[in-house]
Amino acid sequence: MRETLVLNASFEPLSTVSLRRAVVLVMQDKAVIEHAHPGLRIRAAAVDVPVPQVIRLCRYVRVPFRQRAPWSRRGVLVRDQHRCAYCGRRATTVDHVVPRSHGGGDTWLNTVASCAEDNHRKADRTPEQAGMRLLRRPFEPTPADALLSTLGVSVRDGLPEWLALPA
């Protein structure tokens, strides 16, 4: 399902929502479409709306400042671009570098994306005990990085033209 970026009335990014939720916000006049997918439209009996890629809320929503991105399994997979931290193949699971049974927790710095084979081979051991090497170290993304990666946008690839600031 397509993800739609939601901007506050002040144009600051808030979150992403499903296409269905974005269309509902636009139809209820709670948001306006800032950028749409070119050539795609949603049509019904009395509705003809472009498929929104970015919407902006009509009213400002006060959001408490977030210093850290919340940890999630999906977030770890997105952060690591669905690539196994041990072999580089497609990752489908999340592995704890220090297993939970050894005191490791669900944190950004203790979890990496992993393929099922490597996760099973590592089992209830640390990478050193299992004789496995991490291809890249886990890191904690900023809230902005986490939001961009959810949209499939990488800062090193450059921002898409609809998100880049005008010159």
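Conventions adopted
Numbering of residues starts from 1 in each chain and follows the order in which that chain's sequence is written. Local features in a predicted model are, by the rule used here, given only for residues with pLDDT of at least 70; side-chain atom pairs are given and counted only at 80 or more, and totals for whole chains, interfaces and linings are based on all residues. Values reported for side chains reflect all heavy atoms of the structure, with hydrogen atoms and water molecules removed beforehand. Between rings of Phe, Tyr and Trp, where Trp is taken as its six-membered ring, a pair exists when centres lie within 6.5 Å; planes separated by under 30 degrees are stacked, by over 60 edge-to-face, and by other angles tilted. Consider the ring centre and the ring normal. A charge sits over the ring if Lys NZ or Arg CZ is within 6 Å of that centre and within 35 degrees of that normal. A 1.4 Å probe rolled over the protein chains alone gives each residue an accessible area, and that area as a share of the maximum for its type sets the label: buried under 20%, exposed over 50%, partly exposed in between. Comment: elements are numbered from the N terminus, with helices defined as DSSP H or I runs of at least four residues and strands as E runs of at least two. Comment: arc refers to directions from the helix axis out to C-beta atoms. For this analysis, residues touch if any pair of their heavy atoms sits within 4.5 Å. Identification of polar contacts relies on pairs of N or O atoms within 3.5 Å, with a donor-acceptor requirement for protein atoms, meaning one able to donate a hydrogen and the other able to accept it, and with residues adjacent in sequence counted only if both atoms are side-chain atoms. The term nonpolar core refers to a set of buried residues drawn from Ala, Val, Leu, Ile, Met, Phe, Trp, Tyr and Cys, joined through side-chain atoms within 4.5 Å.

## Topic: the packing of aromatic side chains
Tallied over the full model, the rule gives zero aromatic pairs. One residue, Arg79, lies across the ring of Phe139, its end atom 5.4 Å from the ring centre.

## Examining helix α1 (residues 19-27)
Where α1 is concerned, the buried positions are Leu19, Ala22, Val23, Leu25 and Val26. Relative to the axis of α1, the buried residues are bounded by an arc of 160° and lie together on one face. Of the surrounding elements, those touching the buried residues of α1 are β1 (3-7), β2 (13-18), β3 (31-43) and β4 (48-57). Asp29 sits one or two residues past α1 and shows a positive phi near 55°.

## Topic: the environment of Thr111
Tracing the sequence through the fold places Thr111 in strand β6 (residues 111-114). In this structure, the C-alpha to C-alpha distance between Thr111 and Pro99, residues 12 residues apart in sequence, is 9.3 Å. Of note is the side chain of Thr111, whose polar atom sits 2.9 Å from the side chain of Trp71. Polar contacts involving the side chain of Thr111 include one to the main-chain carbonyl oxygen of Thr107, which spans 2.7 Å.

## Some remarks on the nonpolar core
Within the largest apolar cluster, nine residues are counted, these being Cys84, Ala85, Tyr86, Val97, Val112, Cys115, Ala130, Met132 and Leu134. Not counting residues within four places of it along the chain, the set of residues in contact with Cys84 comprises Arg89, Ala91, Ala113, Ser114, Cys115, Asp118, Leu135 and Arg136.

## With respect to the side chain of Arg56
By the element assignment, Arg56 lies in strand β4. One polar contact links Arg56 to Glu34, side chain to side chain, over a distance of 2.7 Å. Sequence-distant contacts of Arg56, that is, excluding residues within four places in its chain, are made with Leu7, Asn8, Ala9, Phe11, Lys30, Ala31, Val32 and Glu34.

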